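Next come the chains, spelled out residue by residue.
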Amino acid sequence: MAAAEPKPPAGAATARRLARSCWSAFWDYETPKVIVVKNRRLGVVYRLVQLLILLYFVWYVFIVQKSYQDRETGPESSVITKVKGITSSEHKVWDVEEYVKPPEGGSVFSIITRMEVTPSQTVGTCPESVRVTNATCGSDEDCVAGHLDMLGNGVRTGRCVPYYHGAFKTCEVSGWCPVEDGASVSQFLGKMAPNFTILIKNSIHYPKFQFSKGNIENQENGYLKRCTFDEVSHLYCPIFKLGFIVEQAGENFTELAHWGGVIGVIITWDCDLDLPASKCNPKYSFRRLDPKHIPASSGYNFRFAKYYKVNGSTTRTLIKAYGIRIDVIVHGQGSFLCDWILLTFMNKNKVYSHKKFDKPEPSRAPWPRSWDPQALPTHLNVSKLETGHPCDWAVG
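Residues numbered from 1 in each chain as written. Predicted model: local features only at pLDDT ≥ 70, side-chain atom pairs only at ≥ 80, totals over all residues. Heavy atoms only, no water.

Participant: Looking at this model, I keep getting lost on a nonpolar patch on the surface. Mind explaining?
Facilitator: A grouping of V44, L48, L51, L52, L54, L55 and V58 is seen on the molecular surface, where their side chains present a nonpolar patch of about 640 Å² in accessible area. By the element assignment, V58 lies in helix α2 (residues 40–64). (Patch = residues over 30% accessible without salt bridge, like charges linked within 9 Å, V, L, I, M, F, W, Y side chains within 5 Å. Areas by Shrake-Rupley, 256 points an atom, 1.4 Å probe, with all protein chains shown as cover. Salt bridge = Lys/Arg side-chain N within 4 Å of Asp/Glu carboxyl O. Helix = DSSP H or I, 4+ residues; strand = E, 2+ residues; numbered from the N terminus.)

Participant: What is the right way to look at the side chain of T268 in this model?
Facilitator: The topology assignment puts T268 in strand β14 (residues 261–272). Ignoring anything within four residues of it in the chain, the contact list for T268 reads N281, P282, K283, H331 and G332. (Contact = heavy atoms within 4.5 Å.)

Participant: Even after reading the chapter, I still don't get the state of the cysteines, so can you show me in this structure?
Facilitator: A covalent bond between the sulfur atoms of two cysteines is referred to as a disulfide. If you walk through the whole model with that rule in mind, you get five disulfides. The disulfide partner of C137 is C160, and the gap between their sulfur atoms is 1.9 Å. The sign of the S-S torsion, about 95°, decides the handedness of the disulfide formed by C137 and C160: right-handed. Here C137 is found in strand β7 (residues 136–137), whereas its partner C160 is found in strand β8 (residues 154–162), with 23 residues between them in sequence. Residue class for C137 comes out buried when judged on its relative accessible area of 14%. Exposure remark for C160: the relative accessible area of 11% places this residue in the buried category. (Disulfide = S-S within 2.5 Å. Buried < 20%, exposed > 50% of the residue type's maximum accessible area, 1.4 Å probe, protein only.)

Participant: It is not clear to me how the pairing of strand β6 (residues 108–127) should be interpreted in this structure. Could you clarify?
Facilitator: Each regular strand displays side chains that alternate between the two surfaces of the sheet. Relative to β6, strand β5 (residues 100–101) runs antiparallel, the two being bridged by two bridges. The partner of V100 across the bridge, within β6, is I111. Counting the residues between successive antiparallel strands, the hairpin from β5 to β6 contains six residues, one of them, G105, with a positive phi of roughly 85°. Examined bridge by bridge, β6 and strand β10 (residues 185–188) share four bridges and lie antiparallel to one another. Opposite E116, over in β10, you have S186 as the bridge partner. (Pairing = 2+ DSSP bridges.)

Participant: I tried to follow the environment of T317 on my own but got confused; where do I start?
Facilitator: Among the structural elements, T317 can be located in strand β17 (residues 313–337). In this structure T317 comes out as buried when scored by relative accessible area, which is 14%. Separated by 197 residues in the primary sequence, T317 and S120 place their C-alpha atoms 5.6 Å from one another. Apart from residues lying up to four places away in sequence, T317 is in contact with V117, T118, P119, S120, F304, A305, K306 and Y308. Within the structure, T317 has its side chain in polar contact with the side chain of Y308 (distance 3.4 Å). (Polar contact = N/O pair within 3.5 Å; in protein donor to acceptor, adjacent residues only side chain to side chain.)

Participant: Help me out: how do you make sense of unusual backbone geometry in this one?
Facilitator: If a residue is not glycine, its phi is most likely negative; likewise, a peptide bond is most likely trans. Note the cis peptide between K101 and P102, where omega equals -15°. Considering the arrangement of structural elements, one finds P102 in the loop between β5 and β6. Here C177 and P178 are connected by a cis peptide whose omega angle stands at -5°. Tracing the chain through its elements places P178 in the loop between β9 (169–177) and α4 (180–183). Residues other than glycine seldom take positive phi values, yet S120 does so here, at roughly 55°. Within the fold, S120 resides in strand β6. Owing to a relative accessible area of 45%, S120 belongs among the partly exposed residues under this scheme. The backbone of N134 sits at a positive phi, close to 60°, despite the residue not being glycine.

Participant: Whenever I open this one, the pattern of salt bridges confuses me. Can you help?
Facilitator: Pairing is possible between side chains of opposite charge, provided their charged atoms come close. If you walk through the whole model with that rule in mind, you get ten salt bridges. Between R303 and E180 there is a salt bridge whose closest N-O contact spans 2.9 Å. Placement of the pair is R303 in strand β16 (residues 301–310) and E180 in helix α4, with a sequence separation of 123 residues. Residue classification places R303 among the partly exposed residues on the basis of a relative accessible area of 47%.

Here it is as structure tokens:
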């Protein structure tokens, strides 16, 4: 008697059934079923939702955001500045070459309005400033010879000497003497500073749209010599008075000139390039950039020195300058019709499409000038022949 065949494992049978089921379902055709509910209240809610979606796209997306436009932010920009004017202090008359730093005329520059001048400094020994930590002393033992304080004015000699004024003493240092606060003289240059004029020449370029424009348009000779900026009548005369800039930034000129500060001149070029170029105009705004309400970081000052020779020895005048720093900041965006609108709605969309897209023609053998449809195989049913081209028949 033949032995019974072994039964396949249950897991294998399950796997085969699953495979057959998946294979059968692969060839199934599915179509959604639509149920129409005759309910007016539900229909009103449904139509309101559709209306809200439509309003969102028409009003917000297209009208407010103008999403049908292509955009480019951050234009390429060039800024050139020039300051003019003279002023006087208690001791002399100052011109542009002395109170504008740096003199190159870039987008960031400073106008000096107050100076603390320490004249005739030479290399030698003198008392350290009382503003330096641990500079005051009672005897030589309080001063360590060779000690160098990074916030001080020189290397300590180890001696405790009387200060420039008063009854106290400070450690002696070797460096440029006398130190700054020991012999400085304050000079205020802000008397005529509100009338200084600042020319700000700005040119922008949107490379994506090949659009360029500048903030000076009038070609009349001498126009810039007799105009100052006015948002209505002289928009393209970018000559601003320093007092006007400070006033527009909401600051007090006397206080700002005494302690210094940073004012931003912001030029915005938001251009809808669907409109004529004359509609693309700069907008100016002004605001203070340094945190004036934080005493530790408000104000603006810097130091520089002028060197010269006296009896063969090097001498310098140290100047601590307070001033108004001007930062010219340019930003904006250009927008233009999207390509799909040009391709779809313009009268010359075929010309635009031909220029935008290159369609290489594939090389193929020419079709015979004459051909006989009867020569086709008998199982092909030629239902339509219009052009004589083999792509114009239907196979049944």
